[in-house]
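Structure assessment
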Amino acid sequence: QVQLVESGGGLVQAGGSLRLSCSASGRTFSNYAMGWFRQAPGKEREFVATISWSGGATYYADSVKGRFTISRDNAKNTVYLQMNSLKPEDTAVYYCAASRIRTLVIQDRQYDYWGQGTQVTVSS
């Protein structure tokens, strides 16, 4: 079992930045690929970014490529999402997730554990 807790969400103006953190406890963090997803009101949950178990590989949704950066610190059992140049359309609840598949994982059904989410609101 892996427990995930997100933090760092909040209200920011368009063009601003936020850094989300996701702290993991339970099983060995480095055994899992990690991902970030988001869900806006009235919309389906969508993939944002994923990082392999070692941090050596990353992959992003086209909508955030060049603006968001996913990273991890296995010594701290934490994955991060640095979000720059935020837009109002980035407003959503952001979730981190862990997958036993250690390489890049895009499909939400391939994730085994989920956090409770953190709200990000970008004002125009």
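Residues numbered from 1 in each chain as written. Predicted model: local features only at pLDDT ≥ 70, side-chain atom pairs only at ≥ 80, totals over all residues. Heavy atoms only, no water.

Observations regarding the state of the cysteines
- Scanning the model with the defined rule gives one disulfide in all.
- The disulfide bridge from cysteine 22 ends at cysteine 96, spanning 1.9 Å between sulfur atoms. Note on the cysteine 22 and cysteine 96 pair: the S-S dihedral is about 45°, so by sign convention the disulfide is right-handed. Of this pair, cysteine 22 sits in strand 3 (residues 18–26) while cysteine 96 is found in strand 9 (residues 92–99), placing the two residues 74 residues apart along the sequence. (Disulfide = S-S within 2.5 Å. Helix = DSSP H or I, 4+ residues; strand = E, 2+ residues; numbered from the N terminus.)

Quick word on the environment of glycine 66
- By secondary structure assignment, the location of glycine 66 is in the loop between strand 6 (58–60) and strand 7 (68–73).
- Residue glycine 66 is classed as exposed on the basis of its relative accessible area, which comes to 78%.
- Counting along the chain gives 19 residues from glycine 66 to serine 85, while the straight-line C-alpha distance between them is 9.3 Å. (Buried < 20%, exposed > 50% of the residue type's maximum accessible area, 1.4 Å probe, protein only.)

Regarding the side chain of glutamate 6
- Here glutamate 6 shows up in strand 1 (residues 2–7).
- Although glutamate 6 is buried, it forms no salt bridge, and the closest oppositely charged side chain is arginine 45 at an N-O distance of 8.9 Å.
- Within the structure, glutamate 6 has its side chain in polar contact with the backbone nitrogen of glutamine 116 (distance 3.0 Å).
- A distance of 2.9 Å separates a polar side-chain atom of glutamate 6 from the backbone nitrogen of glycine 117.
- Apart from residues lying up to four places away in sequence, glutamate 6 is in contact with Ser21, Cys22, Trp36, Tyr94, Tyr95, Cys96, Gly115, Gln116, Gly117 and Thr118. (Lys, Arg positive; Asp, Glu negative; His and termini not counted. Salt bridge = Lys/Arg side-chain N within 4 Å of Asp/Glu carboxyl O. Polar contact = N/O pair within 3.5 Å; in protein donor to acceptor, adjacent residues only side chain to side chain. Contact = heavy atoms within 4.5 Å.)

Topic: the nonpolar core
- Among the nonpolar cores identified, the biggest contains 37 residues, and Leu4, Met34, Trp36, Leu81, Met83 and Tyr94 are the most heavily contacted of them.
- Secondary structure elements with two or more residues in this core: strand 1, strand 3, strand 4 (33–39), strand 5 (46–51), strand 7, strand 8 (78–83), strand 9 and strand 11 (118–123).
- Considering every element that reaches this core, the biggest residue donor is strand 9, with five residues.
- Among all residues touching leucine 81, those that are not within four sequence positions of it are Leu18, Arg19, Leu20, Trp36, Val48, Ala49, Phe68, Thr69, Ile70 and Tyr94. (Core = buried A, V, L, I, M, F, W, Y, C linked by side-chain atoms within 4.5 Å.)

Quick word on a nonpolar patch on the surface
- A surface patch of nonpolar side chains, about 240 Å² in accessible area, is lined by Tyr59, Leu104 and Ile106.
- Take leucine 104: it is sitting in the loop between strand 9 and strand 10 (113–114).
- By relative accessible area, leucine 104 is classed as partly exposed at 33%. (Patch = residues over 30% accessible without salt bridge, like charges linked within 9 Å, V, L, I, M, F, W, Y side chains within 5 Å. Areas by Shrake-Rupley, 256 points an atom, 1.4 Å probe, with all protein chains shown as cover.)

Some words on the packing of aromatic side chains
- Scanning the model with the defined rule gives six aromatic pairs in all.
- Ring centres of tyrosine 32 and tyrosine 113 lie 6.1 Å apart, and the angle between their planes is 75°; on these two criteria the pair is classed as edge-to-face. Taken together, the residues tyrosine 32 in the loop between strand 3 and strand 4 and tyrosine 113 in strand 10 connect sequence positions 81 residues apart.
- For tyrosine 32, a relative accessible area of 5% translates into the label buried. (Phe/Tyr/Trp six-rings, centres within 6.5 Å; stacked < 30°, edge-to-face > 60°.)

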